Each structure stands twice: as C-alpha cells, then as structure tokens.
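As a plain string of letters, each chain reads:
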Amino acid sequence: MIRIYNTLSQQKEEFKPIEPGKVRMYVCGMTVYDYCHLGHARVLVAFDVITRYLRHSGYDVHYVRNITDIDDKILRRADENGEVYTDLTARMIKAMHEDEAKLGVLSPTEEPCATAYINEIVAMIHKLVSSGHAYAADNGDVYFSVESYPDYGKLSKKKLEDLVAGARVDVQEAKRSPADFVLWKAAKPGEVSWPSPWGDGRPGWHIECSAMSNQCLGETFDIHGGGPDLLFPHHENEIAQSECANGHTFVNLWMHAGAIRVNKEKMSKSLGNFFTIREIFEKYAPEVVRYFLVSSHYRSQVDYSEENLAEAGHTLTRFYHALRGLVPAKDVAETAHDRQFAEAMDDDFNTAGAIAVLHAVVHEINQFRRDGDDERAAESAAVLVRLGRILGLLQQDPEAFFQADTGSELSAEDIEAMIQARADARKRKDFAEADRIRDELADKGIILDDSREGTSWRRG
RNA sequence: GGCGCGGUGGCAGAGUGGUUAUGCAGCGGACUGCAACUCCGUUAACGCCGGUUCGAUUCCGACCCGCGCCUCCA
C-alpha cells in the first residue's frame, strides 16, 4: 500500500487510482525561454522517481508533462535575441531534453505543447464564458471570474477576501475583481496570435494546463504535480477552470516538490540566484546531481552548496566502488532489503530512507568481498543495482563512472602507464618514486585504489 | 497582515510514545612499504517552557527562531 501526501488534504493518504492498476498523472513542465535550472531538475527528478516507483509497484502510469511554448517571457526573450520565437523554443526544448537525459529522467508518456492545443483551449474558454464563469473585458482580454467559483482557494488555503484585500494582487481596471485572472490575452500589434471568438490573441498560462490535461488524461485524473511555487496561483486556477468547465472534481491528489535554496534563499529566476543544470554539470557528474536531489525527501527544502554536492559525489563513489569488478548475479530472489526499500518508498516516496537501505546493501557487499565470497557479493550487487534502478541511480558500468573523461590532460593509456611504472618502482622497493607517481596523479585528479588484485584508478 | 511548512548529534538527513536511522567527519583497531579504499568497533541529537503519560525528541498548548506562498517563477 502506497501512502502519498496530498496538498489538498494536507495529510498522507492511501493511494487509490481511479482505474485499478492505472495511474494518470500530470506535471507542470517548463516554460521554454531559458535553460533548466536546479529547481527544474528537482521537479523533473522527483516525478521521475515517483513514476519509476509506481511502475515498479505494478501500475501502468500515463505521465503527461507539458511544455509552455507561448508566453510573455518567451516573446520578450525572442525579441531581445532578434529571433523568431519558435526558434528560441525549439532550441530550449532540445536543451531541456539533453539535460533530462543526462539526469537519467525518463521521457514522460506525453509531452504536449500549448501551441498544439489552441483549439481545445479556446473551446474550454468558450465553455467558461457561456456558463458565466468567465467574461470578455473591454480591452479584448478574457478573464476568469474567481467569485463564480465558491471553492476558490481550497488548495492553497487562501480566502478570497484576503486575496482581494492583498496589496500585491494586480489591480487592473478591466478586471471585475482584482483576483480574476486572464484566460485569453488580446494580441498587441505585430504579435503572434491565433483567432478566437473574442478576437486574435493567445492563451493565458493557467488555461493551457487545464485544457491539455483534460485532453490527454480526461476530466478527472489521479495525480497532479509541480513545483512549490506553482501551488498558488497556478494550480488553484487550474482547479477553478477545470471544475467550472467540467462540473466535477479535477484531480484527486496534488503533489508539490520542495524548493531549492541557495545561501538560505529560494533559488528562482526572479531573484536571479539560479544555477542552470548545465553549469552544475561542468563541475559535477550528472548522476551526482541526481543523487544529491534524491538523497533528501521530495517535499523538503534542500540547500544547494558545494559541500553537499561534494558529499553526494563521495557517497556515489562509495556505491560504485562496492560494485566495481563484480558481475551482478541474475534472477536473485527478493530479499529483506527489497522489502525494507519498498517500505520506505511506500511511505510517500521516502527516498532518504530507501537510500539508507542501499547503504546496508553496500555494507553487505563489502563484507562478502572481504570474506572472498564472490558469489554472494554478486547476488547483493544485483540487489543494489535493481534498487538503484528504481531511483534512477547506479545503472552505469562502474569503470565508466570512475573514468568518465572530464576533459583531463591525461588519457587512460597515460594513466595505465604511470600505474605500471609505480608498480615496478614498488617491486624494487623504490617507494620514493612510487609515491612521487601517486602524488603526480593525485595532482591531476587521479585517485589510485590498491588491492590484492592490483591497482585500479578513478577520476576524483 | 493572512495562509502554510519546519527547527534532530560537528555537518547532511530519515524516523519513532519506551529499543542502532543512514552517510560524512571524529575516535580506537585491522589491512598497507606509507597512504587511500575497504573491514571491525565506537562517541555523539532531538529549539524553549508547560501539560497529558508509568514514560515524550515523538501527542497537546504557549513561546522563540527559520523558511515558503500571498506577483511571472519548478
């Protein structure tokens, strides 16, 4: 039995999909005007782990993650770059897919783009206007009337009067209420636009997700997820739109990832303190970044720091070290560790607890190896690799992980030659020379591991 | 101001009404030419004050502190 924390009820609930054995899940994806940052990576990885675990548990998961490919920021950035906006979005989508692949994030089942769903979006807005939940304003925009939906605020626990009273809500004359939000934006001269019953324009952000999820997953589905800053107003607005248009529950379970922080501040584009994934990849292997993200619970806040990433790298090294030189056994039966792992994951995807089980398996492998019991070590290695797979970790060949060339001046051949020279020196008890070689390699980031079978190396 | 989340050993980070989280670091030992890696053993914690209880880090209440959302943001 899997229990999942539901933002709507603010507690963990037993997960029961609408259709037995099937999970329909929608996660808000990127607005593609820039490269992915670590916050995006967190959401990507969190829901990737969730999808992997649900599938591992036997569910057929239909995972939809949208792409917002039309938006103010996209048009502004394209304008600044002096390029057609579709060139910008195509480039960013490609970059996002590259980043995802490096992070070991599996492709979602469907990845709808907003611009491919204009008809559905217009149809949904039409439905809302007809039923009195939305109105066309004098300026050509169409707004959702928040007052027409009594449950508004049920996800974010906000009261409408507090929102209206709040000074930060955009007070715009065309709106009937300050809390109303835009469904359709009238095109400015020269701007890209699509035709609609209210004139040429383009969709607002919130309605895209309502229309696309409706189309891809139906009017009611199991799980809707996203980043923490989407809870309000984006997800609140999605609920209002979808439930008013369809007349029944939109989503059963809402899941939100925790924020990434940098120096005690939220990492975000508006604060300008964000790191792109590719910047981080210049210093740390993608799997190390993934490990860092997976090592704490998906709902907790995590602090990005060099120390934390370095520790993640160290730990991952320990895991691969245990696997090094072993061929995982085939068809290993379920073990107590598999059950402990599942117990942790069943409890709201407790990856930190699950990783503790991985450490126990590593410990076991090392003990078997010390005792020369290669057969049992190989069996435990198989357990480690299959549990790692559920977290999207430890799927590389250990040598590939250790010796991945990060643009170092030394080739594998150079290193092997130096190791041989050191072995010769050791044989003739010229330890000064042996240590000199070891130090020289260390200076260049190569760490040697001596064992009874000989010396292996890795890039540190 | 409103709403919400959290404060766990030197650090990171789970969890629990009474029993070892886990990792890093530290300490003692084994291994090693010396190290690293690995192995064995080990120290150390639950913001503050009350309450409930045989017993609370875990439940309840007050307080202090930190954070998030309330505006586009994952």
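Quick caveat: nothing in here was measured; it's all calculated off a predicted structure.

### Examining the sheet that holds strand E13 (residues 302–304)
The strands making up a sheet are joined through hydrogen bonds of the backbone, oriented either antiparallel or parallel.
Thinking step 1. Pairing in this open sheet of three strands is mixed, and the strands run E12-E11-E13 from one edge to the other. A single partner strand is all that each edge strand has here, and the edge strands are strand E12 (265–266) and E13.
Thinking step 2. Of the strand pairs in this sheet, strand E11 (residues 260–262) and E13 are connected by three bridges, and their pairing is parallel. Note that in E13 the partner of isoleucine 260 across the bridge is valine 302.

### Re the UniProt feature "short sequence motif: 'HIGH' region" (unreviewed entry) in chain A
Thinking step 1. Taking the UniProt record as the reference, the feature "short sequence motif: 'HIGH' region" (unreviewed entry) is found at residues 30–40.
Thinking step 2. Annotation note: span residues 30–40, helix share 27%, strand share 0%, distance between end C-alpha atoms 8 Å.

### Quick notes on the packing of aromatic side chains
Thinking step 1. Applying the stated criterion across every chain, the model contains 14 aromatic pairs.
Thinking step 2. When the centroid spacing of 6.3 Å and the interplanar angle of 50 degrees are considered together, the rings of tyrosine 26 and phenylalanine 221 count as tilted. In this pair, tyrosine 26 is assigned in strand E3 (residues 22–27) and phenylalanine 221 in strand E9 (residues 221–226), connecting sequence segments 195 residues apart.
Thinking step 3. Residue tyrosine 26 is classed as buried on the basis of its relative accessible area, which comes to 0%.
Thinking step 4. You can call phenylalanine 221 buried: its relative accessible area is 0%.
Thinking step 5. For the ring pair tyrosine 291 and phenylalanine 319, a centre distance of 6.1 Å and an interplane angle of 55 degrees mean the geometry is tilted. Here the residue tyrosine 291 occupies a position in helix H9 (residues 286–294), and phenylalanine 319 occupies one in helix H10 (residues 306–323), the gap between them amounting to 28 residues.
Thinking step 6. The exposure class assigned to tyrosine 291 is buried, which follows from its relative accessible area of 5%.
Thinking step 7. Taken together, the ring pairs in this structure connect Tyr26, Phe221, Phe250 and Trp254 into an aromatic cluster.

### A short note on the UniProt feature "domain: Cysteinyl-tRNA synthetase class Ia DALR" (unreviewed entry) in chain A
Thinking step 1. Per the UniProt record, the feature "domain: Cysteinyl-tRNA synthetase class Ia DALR" (unreviewed entry) sits at residues 340–402.
Thinking step 2. Counting secondary structure, residues 340–402 comes out at 79% helix and 0% strand; the distance between its end C-alpha atoms is 29 Å.

### Structural notes on the pairing of strand E7 (residues 181–186)
Thinking step 1. The pairing of strand E6 (residues 142–144) with E7 spans three bridges and is classified as antiparallel. Bridging from a neighbouring strand, tyrosine 143 pairs with valine 182 of E7.
Thinking step 2. Of the strand pairs in this sheet, E7 and strand E8 (residues 201–203) are connected by three bridges, and their pairing is antiparallel. When the bridges of E8 are listed, alanine 186 appears paired with glycine 201.

### Comments concerning helix H7 (residues 231–246)
Thinking step 1. End to end, H7 covers 21 Å across 16 residues, agreeing with the expected 22 Å (1.5 Å per residue, within 8%).
Thinking step 2. With 14 of 16 residues buried, H7 lies mostly within the body of the structure.
Thinking step 3. A positive phi of about 80 degrees marks glycine 247, the residue just after H7.

### Some words on the pattern of salt bridges
Thinking step 1. Counted by the stated rule, this structure contains 35 salt bridges.
Thinking step 2. The partner of glutamate 191 in a salt bridge is lysine 188, with the nearest N and O atoms 4.0 Å apart.
Thinking step 3. The salt bridge partner of arginine 202 is glutamate 191, with a shortest N-O separation of 3.6 Å. With a gap of eleven residues between them, arginine 202 in strand E8 and glutamate 191 in the loop between E7 and E8 connect regions that are remote in the sequence.

### Looking at the layout of surface pockets
Thinking step 1. Estimates place the volume of the second largest pocket at around 680 Å³.
Thinking step 2. Around the second largest pocket sit 25 residues that line it, and Ala285, Val288, Phe401, Arg459 and Gly460 are the ones nearest its centre.
Thinking step 3. Elements with a contribution of two residues or more to the lining of the second largest pocket: H9, H10, helix H14 (398–403) and strand E15 (454–459).
Thinking step 4. When residues of the lining of the second largest pocket are assigned to their parent elements, the largest contribution, six residues, is made by H10.

What counts, and where the lines are drawn
Residues numbered from 1 in each chain as written. Chains lettered and ligands numbered in written order. Predicted model: local features only at pLDDT ≥ 70, side-chain atom pairs only at ≥ 80, totals over all residues. Heavy atoms only, no water. Pairing = 2+ DSSP bridges. Helix = DSSP H or I, 4+ residues; strand = E, 2+ residues; numbered from the N terminus. UniProt positions renumbered as here; feature names shortened; annotations may be inferred. Phe/Tyr/Trp six-rings, centres within 6.5 Å; stacked < 30°, edge-to-face > 60°. Buried < 20%, exposed > 50% of the residue type's maximum accessible area, 1.4 Å probe, protein only. Expected span 1.5 Å × (residues − 1). Salt bridge = Lys/Arg side-chain N within 4 Å of Asp/Glu carboxyl O. 1 Å grid on protein atoms, 1.4 Å probe; cavity = no way out; pocket = protein on both sides within 12 Å on 5 of 7 lines; lining within 4 Å. Points joined across faces, edges and corners; volume = space filled by probe spheres on them.

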